[in-house]
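Here is how the chains run, residue by residue.
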Amino acid sequence: RRVHGDLTLPRALMAKVFSFIKGKKVDIEVTIEGTEGRRTFKTPSGDDAPLFIGDEAIVGSIVATTKKPFEHLGLRISFIGQLELRESKNDPIIFVQENVEMPAGALDGQHRYPFNFAGVEKKHESYTGANASIRYFVRFTVLQKYGDVTKESDIWVHNYNTPPQEEAKGLKMEVGIAECLHIEIEYIRTVHHLRDVIIGKVFFLLSRIKVKHMALSLVRRETVAVGADHVSERKIIAKYQLMDGEPVRGECIPIRMFLGAYGELAPTIAKCEGKLSVRYYLSLGIIDTDDRRYFKQHEITLWRSPQDSNMRELGAFKDALDLTAGSAGGL
């Protein structure tokens, strides 16, 4: 530590100060090739990241420009995939990293450094949530004695999969309140790709309560492990009204939800690096005339199919949903 009067400057702060001063000596530009025409997604920092599929090679170049020559302790080009948790943002979990190292030397004028990260496994999809995010990026580092100079450029990753074995399994369940309400809920499948249509029905076997309306919600639950605790965030992705008014015994209400209308959907994440899970649920809610609420939910699994790639047609799905579902109900 360096002491000035009654002020103590820890080494980390000194490194930041030197990084600011010395970082002005070099301008860095990271260029990733083949991004023209690709879809882009917003990163946690708000930048646009081009979409890459699976294990596509990440090819490009770094251009470093200096006005005055200066010495460095080495140069490094890295491709990194990491899980960032809100509670420990400065301590990410890196699950893939490949480096290209260059020896110490001097930078003078403009230099170009190509890179080609081919065959790098990208086992997790990119994701941005309330308390966690999964990022992939290229980082260029100028190693210095006090405070390295870095520049990053993000990409977005999607992974196509084959249908899960349990895709064809349906679900039928009976729920109710003794002598008041008895319904049967049926869904054709509980596993869906991201442009699938959820199809099912609600059958009223008994209804002695005065129902005001019934609605179906698609809910995303993000769970992050923080030490021995878990932090969960619940978000309603979609919600629409199935029925308005009191049903009669034997009435059957059809269910049809177009998943392709909701561009923010991502595949289910069972457990990313033992820290993050993202699961989806269908929640059926009934409200009676006394504003009492009755809910029943079950988990569904979402996966990404190659046919999910043409997401520019989302508007057509959204229009179809608005026409068939009617106005959204608030449960």
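Look above for the structure.
The structure reproduced in this document is the subject of the present report.

### A look at the overall build of the protein chain
- The helix and strand inventory of the protein chain stands at two helices and 24 strands.
- Taken across its 331 residues, the protein chain has 44% of its residues classed as buried.
- Pairs at least 24 apart in sequence give 70% of the contacts found in the protein chain among residues at least 6 apart.
- Surface exposure of the protein chain reaches about 17700 Å², of which carbon and sulfur atoms provide 48%.

### Description of the pairing of strand β6 (residues 58-66)
- Judged from the seven bridges that link them, strand β3 (residues 26-32) and β6 form a sheet pairing that is antiparallel. The residue of β6 that forms the bridge with Ile-28 is Ala-64.
- In this sheet, strand β11 (residues 110-117) lies alongside β6 in antiparallel orientation, the contact comprising eight bridges. Each bridged residue has a counterpart across the sheet, and for Val-59 the counterpart in β11 is Asn-116.

### So, the pairing of strand β19 (residues 211-226)
- Burial analysis of β19 places 13 of its 16 residues in the buried class, the great majority of the element.
- Looking at chain direction, β19 and strand β23 (residues 276-288) are connected through 13 bridges and run antiparallel. Each bridged residue has a counterpart across the sheet, and for Leu-216 the counterpart in β23 is Leu-284.
- In this structure, β19 lies alongside strand β20 (residues 229-244), joined through 14 bridges in antiparallel fashion. Within β20, the position partnered with Val-219 by the bridge is Ile-236.
- Between β19 and β20, which follow one another and run antiparallel, lie two residues, and Gly-227 among them has a positive phi close to 65°.

### Some details on the packing of aromatic side chains
- By the definition in use, this model includes six aromatic pairs.
- Both rings, one in Phe-79 and one in Tyr-136, keep their centres 6.1 Å apart while their planes meet at 20°; by these two values the pair is stacked. With Phe-79 in strand β8 (residues 74-85) and Tyr-136 in strand β13 (residues 132-143), this residue pair connects regions lying 57 residues apart in the sequence. The same class applies to Phe-79 as to Tyr-136, namely buried.
- Taken together, a centroid distance of 5.6 Å and an interplanar angle of 80° make the contact between Phe-95 and Tyr-136 edge-to-face. Of this pair, Phe-95 sits in strand β9 (residues 93-102) while Tyr-136 sits in strand β13, and the two are 41 residues apart along the sequence.
- Sitting over the face of the ring of Phe-52, Arg-38 holds its NZ or CZ atom 4.0 Å from the ring centroid.
- For Arg-221, the ring lying beneath its charged end belongs to Tyr-281, and the centroid distance is 4.9 Å.

### A look at the side chain of Asp-154
- With respect to the helices and strands, Asp-154 occurs in strand β14 (residues 149-158).
- Residue class for Asp-154 comes out buried when judged on its relative accessible area of 13%.
- Of the polar contacts made by the side chain of Asp-154, one reaches the side chain of Arg-135; its length is 2.9 Å.
- Residues in contact with Asp-154, not counting those within four places in the same chain, are Ile-32, Thr-43, Ala-49, Pro-50, Arg-135, Tyr-136 and Phe-137.

### Structural notes on the sheet that holds strand β18 (residues 197-207)
- Reading across the sheet, the four strands line up as β15-β16-β18-β21 and stay open at both edges, with antiparallel pairing between neighbours. Across the chains shown, the open sheet's two edge strands, defined by having one partner strand only, are β15 (171-177) and β21 (252-258). Taken pair by pair, the neighbouring strands of this sheet meet at an average axis angle of 20°, ignoring direction.
- In the sheet, β15 pairs with strand β16 (residues 181-187) via seven bridges, with the strands oriented antiparallel.

Thresholds, definitions, all that
- Residues numbered from 1 in each chain as written.
- Predicted model: local features only at pLDDT ≥ 70, side-chain atom pairs only at ≥ 80, totals over all residues.
- Heavy atoms only, no water.
- Helix = DSSP H or I, 4+ residues; strand = E, 2+ residues; numbered from the N terminus.
- Buried < 20%, exposed > 50% of the residue type's maximum accessible area, 1.4 Å probe, protein only.
- Contact = heavy atoms within 4.5 Å.
- Areas by Shrake-Rupley, 256 points an atom, 1.4 Å probe, with all protein chains shown as cover.
- Pairing = 2+ DSSP bridges.
- Phe/Tyr/Trp six-rings, centres within 6.5 Å; stacked < 30°, edge-to-face > 60°.
- Lys NZ or Arg CZ within 6 Å of the ring centre and 35° of its normal.
- Polar contact = N/O pair within 3.5 Å; in protein donor to acceptor, adjacent residues only side chain to side chain.
- Axes fitted to C-alpha atoms, helices over the stretch in contact; angles between N-to-C directions.

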